[in-house]
Amino acid sequence: MNCIKCKIKAVIDLPRHNAAFCKGCFNGFVHDQVARAIKSEWMFGKDAKILVAVSGGKDSLALWDILLKLGYKADALYVNLGIGAYSEQSHAKVTKFTETVAAAHGAALHIHTVEQEAGAGIKELAQLIHRPTCSTCGTIKRYQFNRVAIEQHYDVMATGHNLDDEAARLLGNVLHWQEEYLDKQGPSLPASVAGFAKKVKPLFRLSERELAAYAVLNRIDYIVEECPMAKGSKTIQYKEVLNRLETESPGTKQTFYWGFLDKQSKKQPTATTMAEKDRAVLHPCTSCSQPTTAEVCSYCKMMARAKTAAPH
Amino acid sequence: MQVQLSHPSRTVEVKGPKKVKDLLRELNLVVEAHLVIKGDDLVTEDEMLYEGDQIEVRPVISGG
C-alpha cells in the first residue's frame with residue numbers, strides 16, 4: 001500500500017478517508033485536520049494563550065505537540081490524581097515530553113497534585129465521600145483546569161477529546177435520551193459567564209487510532225495502559241461498539257458525530273442561547289467564587305466532606 | 001512470530017507468514033481499535049509479517 005500523495009510506502013491506512021499516508025503526509029493530514037477544526041469552530045486566534053489539559057495519554061500529548069508545531073503559544077496543566085503506579089508513570093511521561101519537546105518551544109507545565117490538597121489520592125477520596133471514582137475525578141479535573149486557566153489568564157482551555165470520545169458520549173446521551181446534555185456536546189464552548197474559561201476540543205476531527213498513530217510515528221512516549229479506574233466503563237463499551245461498526249462501515253463515527261454537529265448548527269435559534277441559560281442559573285460559589293448553580297460548588301462541597309470524613 | 005499484546009500485557013506466538021489484517025482477524029481484534037507495530041515501524045493492513053518479526057499489537061482505546 002502506497003501513500004496517496006507522494007506514492008512512497010504508506011505507514012497507515014485510513015479507510016474512512018479512503019486514503020493511506022507515509023509519515024510525512026500523515027503528519028500533514030493530522031495538522032491540517034486540527035487547523036480546520038480550530039478555524040471552523042472559531043476556537044482561538046494565532047496569538048491566543050492556550051492551556052492544554054494533559055494526562056500523559058496519547059491524545060493530550062499529541063494535542064500539545066500539534067499546537068506547538070502549528071506555532072501556537074500553548075502551556076499545559078497536569079493533574080496528578082494519586083492513582084499509585086499509574087499516576088507515577090503518567091506524571092513521568094508528561095515530564096519527559098515537557099523536557100524533550102515542549103520546553104524547546106518555550107512552553108511551560110503546571111502541575112496540580114490531588115493528594116497535596118485533599119490529603120488523599122482520588123480512589124481514597126472517592127471512598128471517603130461515597131462517590132464513584134470517575135465522577136470524583138471529573139469534578140476535580142474540570143475545577144482545576146478552569147481554576148488555572150482563569151487564575152493564570154489563559155484565553156482558552158484545550159482538551160484532547162477526539163472523534164471517538166465525542167461519538168461515544170453522543171451515543172450514551174442518545175441511548176438515554178439525555179437531551180439536556182446535547183447542547184454542550186459541541187467542540188467549542190464559550191466562556192458563558194465570568195469565572196468560566198472557554199473550552200475547546202481541537203481533535204474532534206481525528207479518531208483515536210489516528211492519534212495513537214501520530215504519537216507512535218512522532219516518538220511521543222505516552223502511557224499505553226488504561227486508567228485502572230476506567231476498566232469496564234460505559235464509555236469504553238460504547239467505543240468498542242462504534243469501532244466494530246466503523247471497521248465494517250468506515251466513516252460511521254464521523255457521520256454520527258459530525259452529522260449531529262451539522263444538525264445542531266442548522267437548528268432554529270431558541271429563545272434563550274446556552275450562554276443566556278448559563279447566566280440565568282450560575283453565580284459565584286460562596287467559598288471559591290467559581291461559577292455554580294448552588295450556593296457552594298460541587299468541588300468545595302467535596303473537599304469539605306473529605307475533610308470531615310478523613311480519619312484524624 | 002512473537003506478538004506483544006496489552007490489557008493485560010502478554011506475548012503470544014503466531015505462525016507466519018501472515019498479513020496484518022489476517023493476524024488481527026486470527027486474534028479476534030477489531031482493526032479500528034488497534035495499531036500494528038513491526039519492530040519500531042507502524043505497518044498497514046496489507047503488510048506481510050514473517051517468522052522472526054517482533055510485532056506489537058497496540059490497543060488505541062482510552063478513557064473512562
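Up top is the structure these notes are about.
Residues numbered from 1 in each chain as written. Chains lettered and ligands numbered in written order. Predicted model: local features only at pLDDT ≥ 70, side-chain atom pairs only at ≥ 80, totals over all residues.

(A) The arrangement of the overall build of chain B in detail. Scanning chain B from terminus to terminus reveals one helix and seven strands. Rg of the C-alpha trace for chain B: 11 Å, near the compact-globule value of 11 Å for 64 residues, within the 12% margin. Dimensions of chain B, computed from the C-alpha atoms along their principal axes, are close to 35 × 25 × 20 Å. (Helix = DSSP H or I, 4+ residues; strand = E, 2+ residues; numbered from the N terminus. Rg over C-alpha atoms; globule rule 2.2 N^0.38 Å.)

(B) Structural detail: the pairing of strand β4 (residues 73–80) of chain A. Residues and elements named next belong to chain A. Within β4, six of the eight residues are buried, which leaves the element mostly enclosed by the surrounding structure. As defined by bridge partners, strand β3 (residues 49–54) adjoins β4 across six bridges and the pair is classed as parallel. Directly across from Leu 51, in β4, lies its bridge partner Asp 75. In this fold, the crossover linking β3 to β4 by way of helix α2 (residues 58–69) has right-handed handedness. Here β4 pairs with strand β5 (residues 109–113) via five bridges, running parallel. (Buried ≥ 20, exposed ≤ 12 C-beta atoms within 10 Å, placed from the backbone. Pairing = 2+ DSSP bridges. Right-handed = clockwise from strand over helix to strand, strands pointing away.)

(C) Just unusual backbone geometry, in detail. With omega at 0°, the peptide bond leading from His 7 of chain B into Pro 8 of chain B counts as cis. The topology assignment puts Pro 8 of chain B in the loop between β1 (2–5) and β2 (10–13). The phi angle at Lys 7 of chain A is positive, at roughly 70°, despite the residue not being glycine. Looking at where Lys 7 of chain A falls in the secondary structure, it is placed in the segment before β1 (12–14). Judged by C-beta crowding, with 10 C-beta atoms within 10 Å, Lys 7 of chain A ranks as exposed. One non-glycine residue with positive phi stands out, namely Asn 18 of chain A, at about 50°.

(D) Structural view of the nonpolar core. Residues Phe 26, Ile 50, Val 52 and Trp 64 of chain A are the most contacted members of the largest nonpolar core, which totals 91 residues. Excluding anything up to four places from it in sequence, Val 52 of chain A contacts Ser 60, Leu 63, Trp 64, Leu 67, Ala 74, Ala 76 and Ala 158 of chain A. (Core = buried A, V, L, I, M, F, W, Y, C linked by C-beta atoms within 7 Å. Contact = placed C-beta atoms within 7 Å.)

(E) Region of the structure containing the environment of Glu 276 of chain A. Tracing the backbone through its elements, the reader meets Glu 276 of chain A in helix α12 (residues 274–281). Along the backbone, Glu 276 of chain A and Met 303 of chain A are 27 residues apart, and their C-alpha atoms lie at a distance of 30 Å.

(F) Just the environment of Cys 227 of chain A, in detail. Residue and element names in this part refer to chain A. Examined against the element boundaries, Cys 227 turns out to sit in the loop between α9 (208–217) and α10 (234–248). Judged by C-beta crowding, with 22 C-beta atoms within 10 Å, Cys 227 ranks as buried. Sequence separation of Cys 227 and Ser 87 is 140 residues, and the distance between their C-alpha atoms is 8.9 Å.

(G) The pairing of β1 of chain B, seen in detail. Residues and elements named next belong to chain B. With four bridges joining them, β1 and β2 adopt antiparallel strand pairing. Bridging across to β2, Gln 4 finds its partner in Thr 11. Counting the residues between successive antiparallel strands, the hairpin from β1 to β2 contains four residues, one of them, His 7, with a positive phi of roughly 55°. One ladder, built from three bridges, connects β1 with strand β7 (residues 54–59); its direction is parallel.

(H) Here's a closer look at the sheet that holds β1 of chain B. Pairing is mixed in the open sheet, where five strands are placed in the order β2-β1-β7-β4-β5 (chain B). Either end of the sheet is taken by a strand with one partner, and the two such strands are β2 and β5 (41–42) of chain B. In terms of strand pairing, strand β4 (residues 34–38) of chain B meets β5 of chain B through two bridges, oriented antiparallel. Considered in β5 of chain B, the bridge of Ile 37 of chain B is made with Leu 42 of chain B. Its contacts with the sheet put α9 of chain A on β4, β5 and β7 of chain B, and the angle it makes with β4 of chain B is roughly 25°. (Axes fitted to C-alpha atoms, helices over the stretch in contact; angles between N-to-C directions.)

(I) Looking closely at the sheet that holds strand β8 (residues 198–200) of chain A. Residues and elements named next belong to chain A. Spatial ordering of the open sheet is given by β5-β4-β3-β6-β8-β7, a layout of six strands whose pairing is mixed. The open sheet terminates on both sides in strands that have one partner only, identified here as β5 and β7 (188–189). Inspection of the sheet shows β3 paired to strand β6 (residues 156–158) by three bridges, in the parallel sense. Looking at β6, one finds that Leu 51 is bridged to Met 157. Running over the sheet, helix α3 (residues 84–100) touches β3, β4 and β5 and is turned about 160° from β4.

(J) Expanded view of the interface of chain B and chain A. Contacts between the two partners involve 19 residues from chain B and, on the opposite side, 29 residues from chain A. If you list the elements that add at least two residues to the side of chain B that touches chain A, you get β4 and β5 of chain B. Of the residues belonging to the side of chain B that touches chain A, the class tally is eight nonpolar, six polar and five charged. (Nonpolar A, V, L, I, M, F, W, Y, C, P; charged D, E, K, R; others polar.)

(K) The arrangement of α9 of chain A in detail. Residue and element names in this part refer to chain A. Burial of α9 is extensive: ten of the ten residues sit out of reach of the surface. For α9, the set of buried residues is Glu 208, Arg 209, Glu 210, Leu 211, Ala 212, Ala 213, Tyr 214, Ala 215, Val 216 and Leu 217. Arg 219 occupies a position one or two residues after α9 and carries a positive phi of about 55°.

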